[in-house]
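Structural features, examined
Residue strings, one per chain:
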Amino acid sequence: MVSKSHRRTALLAVIRRLLEGVGTAWAAVTLAFFALRFASGDPVASLLSQGLASPEQADEIRISLGLNAPLWLQYLRFLTNLLHGDLGSSLYTHRSVSQIILEQFPSTAVLAVSGLIAAILLGLILGITAAWFGKRASGMIAATIAALATSIPVAFAGILSLLIAGCLLQGPGSANGMLIRLILPAMVLGFASSGPIARVIHSGLSESLRSPFILAARARGIRRGFRLLWHALKPSLPPVISLTALEAAFLFTGTVVTETVFSRPGLGRLLVKSILDGDFPIALGLVALAAIFYTISHVFADLLTLVIDPRLRRAE
Amino acid sequence: MRFGFIKTLCVLWLAAIVLLALSAPFITSADPYTPVSDMLQSPSYHPPLGTDALGRDFFARTAYGARLSLSIPLLSTLLTVLIGTTFSLTAITAGRLSDRIILTIANAALAIPGLLLAMLLVAGFGPRLSTIVLAVGLGGIPGFIRLSRSIFLGIKEMGYIDAAYALGASRTRVAIAHMLPNAAPQLFSLATTHFAWAFMGTTTLTFLGLSGDPSFPEWGAMLNSGRMHLIQAPWLTIVPGILISLTILAVHYLGENYADN
């Protein structure tokens, strides 16, 4: 029976965490804004140096972008516009940045979500195999694959997968569009992000397998497979959830590389292109959104762990 | 001290890479920037690793590439460690308020993934090789501050720090003469794992073409340009890819097991 005061403290903890998240997102966006300004100096300078604008036109652009205003005023404008979902417009095409991002979003979202699913599945398989078989050959192999997953750059894993797929399918550009367009990239992204998950499950499982409650389950006559997959796995799952939130960050930088390797349209390639072109509003908008998204997933994971893990609820 | 088989392999591998970087002009006479023969030649007696899409000796590019690929993350790690340690040491010794401020800023910055922060800085500085050093170095600082701060936090609890204060040492003296030397081994281990991150980050950024000029022999950039000829000349991507992966694997392993003995 949960008492009323108990419920209130839990609610306070949730609200506190939400407010913290808002504060972090605000600070991160602020930092991104000032880091870019600190690094770039004059955003219009790249247009000038490329001969895309005459000095008079550059002045005009500066005025239209509000770059002649003092920095703090620009920052306030950026922040209020951001709250209204307005990220400014591209320096080159003058199209709305939020619209450009919205167009590319679905492609990246599909890739990231399927990559995340692949990462969790692969991490679970590798981690459980490594813990169950321990020092035997199959356990060592699973642990080695998990170590390789963290060390092989996404770019190289992607290229290798293309090479292998190319050999298996006899030549590039064969009819297997779906394979090249989604399954292969998602698997590469999942492989690259599965290492830490596998590791956490491996250590968590090994630890709970040594705990007395597993011995007790054994004494009650519960079968080995059930003991492992239900009793021992359950307490090692909450850390995996917060880890998955951390992975969301890695997933985004991973999609940048994966989209480049597989020539897939999306936010990652948009970011690379905007950096190479010097199109600041797009780069800043993408990083700001990534920071906000990352904070949200973090807060969400924290709350989810609170719901799932009764040990944490009692401690609150 | 036990020195395992895998650890020996890791040290040998890293020594070989460093040797390759140092002795590049002696083991190959070819210039990494000028074409020597036809393009996309297969590995043979001469040139040993064939040629790339512009007919440049690929072995020479790989060897000279070791110089850039190792020195860029090394420089940025140095930058990160210097600035990060200064901030975390200040946070721990200079009082509650400064600790609060530094930790808050570092935590906010951590909401932007390090590599993304580096990309944002490259966007600002302009895509060049020199700016990648700066961007990866600065992008790693928030994470380094948080981890090194917890190292100093552990040292601060030690009895000899109280003793130093009791003997009348100033905060600066305690920080520089007592905390820093005692944290050195742990900081070194942290810097090693950070180097693996910086190495991975650098090759990622150069792979994405953010070094501006693709003619530089650097493993990440080579991985990118070799990709166009994946079927005719797979060694152009496999060689730099394996070199990058094994180096990260070795540094990771050594960094993680350094604390054990």
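Placed above this text is the structure.
Okay, so let's go over this structure. Bear in mind that the values here come from a model prediction, so they are computed numbers and not experimental data.

1. Thoughts on the overall build of chain A
Scanning chain A for helices and strands turns up 14 helices and zero strands. In sequence order, chain A lays out its α and β elements as α-α-α-α-α-α-α-α-α-α-α-α-α-α. Counting over 316 residues, chain A shows a buried share of 46%. Counting only contacts in chain A whose residues sit at least 6 apart along the sequence, the fraction spanning at least 24 positions is 71%. Carbon and sulfur atoms provide 69% of the accessible area of chain A, an area that totals close to 16,600 Å².

2. With respect to the layout of surface pockets
All names here are of chain A. Roughly 620 Å³ of internal volume is contained in the second largest pocket. Along the wall of the second largest pocket there are 26 residues; nearest its centre are A112, A248, L251, F293 and S297. Listing elements by their share of the lining of the second largest pocket, those giving two or more residues are helix 5 (97-133), helix 11 (238-261) and helix 13 (280-308). Of the residues forming the lining of the second largest pocket, the biggest block, nine residues, is contributed by helix 13. The residue inventory of the lining of the second largest pocket, partitioned by class, reads 22 nonpolar, four polar and no charged.

3. Focus on empty space enclosed by the protein
Residues and elements named next belong to chain B. Scanning all chains against the criterion turns up one cavity of 30 Å³ or more. When its volume is computed, the largest cavity comes out at roughly 40 Å³. Counting residues per element, the lining of the largest cavity draws most heavily on helix 9 (residues 171-207), which supplies four residues.

4. What about the nonpolar core?
Ranked by internal contacts, the top residues of the largest apolar core, which has 96 residues, are L271 of chain A together with M119 of chain B. Setting aside residues up to four positions removed in sequence, L271 of chain A forms contacts with F252, V256, A283 and L286 of chain A together with L116 and M119 of chain B. Counting 15 residues, the second-largest nonpolar core is a separate cluster that includes L89, I92, F152 and A164 of chain B.

5. With respect to the interface of chain A and chain B
Taken together, the contact between chain A and chain B spans 42 residues of the former and 40 residues of the latter. When the two sides are added together, the surface that chain A and chain B hide from each other amounts to roughly 3,400 Å², 84% of it contributed by carbon and sulfur. Linking chain A to chain B there are zero salt bridges. For the pair chain A and chain B, the number of links is one residue pair in polar contact (both at pLDDT 80 or more). Where the side of chain A that touches chain B is concerned, the elements lending two or more residues are helix 1 (4-40), helix 6 (137-151), helix 7 (154-168), helix 11, helix 12 (267-277) and helix 13 of chain A. When residues in the side of chain A that touches chain B are grouped by element, the largest group, 10 residues, is from helix 1 of chain A. Looking at the side of chain A that touches chain B, its residues break down into 34 nonpolar, seven polar and one charged.

6. Observations concerning the packing of aromatic side chains
All names here are of chain A. If you walk through the whole model with that rule in mind, you get eight aromatic pairs over all chains. An angle of 90 degrees between the planes, with centres 5.1 Å apart, marks the rings of F33 and F34 as edge-to-face. Judged by centre distance (6.1 Å) and plane angle (15 degrees), the ring pair of W132 and F133 falls under stacked. A relative accessible area of 27% places W132 in the partly exposed class. Residue classification places F133 among the partly exposed residues on the basis of a relative accessible area of 31%. Through pairs of rings, three or more aromatic residues link up here, namely F33, F34, Y75 and F78.

7. Examining the packing of helix 12 of chain A against helix 13 of chain A
Residue and element names in this part refer to chain A. Between helix 12 and helix 13, whose axes approach to 8 Å, the crossing angle comes to 140 degrees. It follows from the interaxial angle that helix 12 and helix 13 lie oblique. Classified by chirality, the crossing of helix 13 by helix 12 is left-handed. Residue-level inspection shows L267, L270, L271 and S274 of helix 12 in contact with helix 13, the latter providing I282, A283 and L286. Looking at side-chain class alone, the contact of helix 12 with helix 13 contains six nonpolar, one polar and no charged residues.

8. Here we look at the pattern of salt bridges
All names here are of chain A. Within the structure shown, the criterion is met by six salt bridges over all chains. Two residues, E20 and R16, come together in a salt bridge whose shortest N-O distance is 3.9 Å. Taken together, the residues E20 and R16, both in helix 1 and four residues apart, mark about one turn of the helix. Judged by its relative accessible area of 60%, R16 is exposed. Of the charged contacts, one joins D277 and K273 as a salt bridge, the two residues approaching to 2.9 Å between their closest N and O atoms. With D277 and K273 both in helix 12 and four residues apart, the pair spans about one turn of that helix. Judged by relative accessible area, which is 51%, K273 ranks as exposed.

Rules used in this analysis
- Residues numbered from 1 in each chain as written.
- Chains lettered and ligands numbered in written order.
- Predicted model: local features only at pLDDT ≥ 70, side-chain atom pairs only at ≥ 80, totals over all residues.
- Heavy atoms only, no water.
- Helix = DSSP H or I, 4+ residues; strand = E, 2+ residues; numbered from the N terminus.
- Buried < 20%, exposed > 50% of the residue type's maximum accessible area, 1.4 Å probe, protein only.
- Contact = heavy atoms within 4.5 Å.
- Areas by Shrake-Rupley, 256 points an atom, 1.4 Å probe, with all protein chains shown as cover.
- 1 Å grid on protein atoms, 1.4 Å probe; cavity = no way out; pocket = protein on both sides within 12 Å on 5 of 7 lines; lining within 4 Å.
- Points joined across faces, edges and corners; volume = space filled by probe spheres on them.
- Nonpolar A, V, L, I, M, F, W, Y, C, P; charged D, E, K, R; others polar.
- Core = buried A, V, L, I, M, F, W, Y, C linked by side-chain atoms within 4.5 Å.
- Buried area = accessible area lost by both parts, 1.4 Å probe.
- Salt bridge = Lys/Arg side-chain N within 4 Å of Asp/Glu carboxyl O.
- Polar contact = N/O pair within 3.5 Å; in protein donor to acceptor, adjacent residues only side chain to side chain.
- Phe/Tyr/Trp six-rings, centres within 6.5 Å; stacked < 30°, edge-to-face > 60°.
- Axes fitted to C-alpha atoms, helices over the stretch in contact; angles between N-to-C directions.
- Parallel < 35°, antiparallel > 145°, perpendicular 65-115°, else oblique.
- Left-handed = near helix turned anticlockwise from the far one by under 90°.

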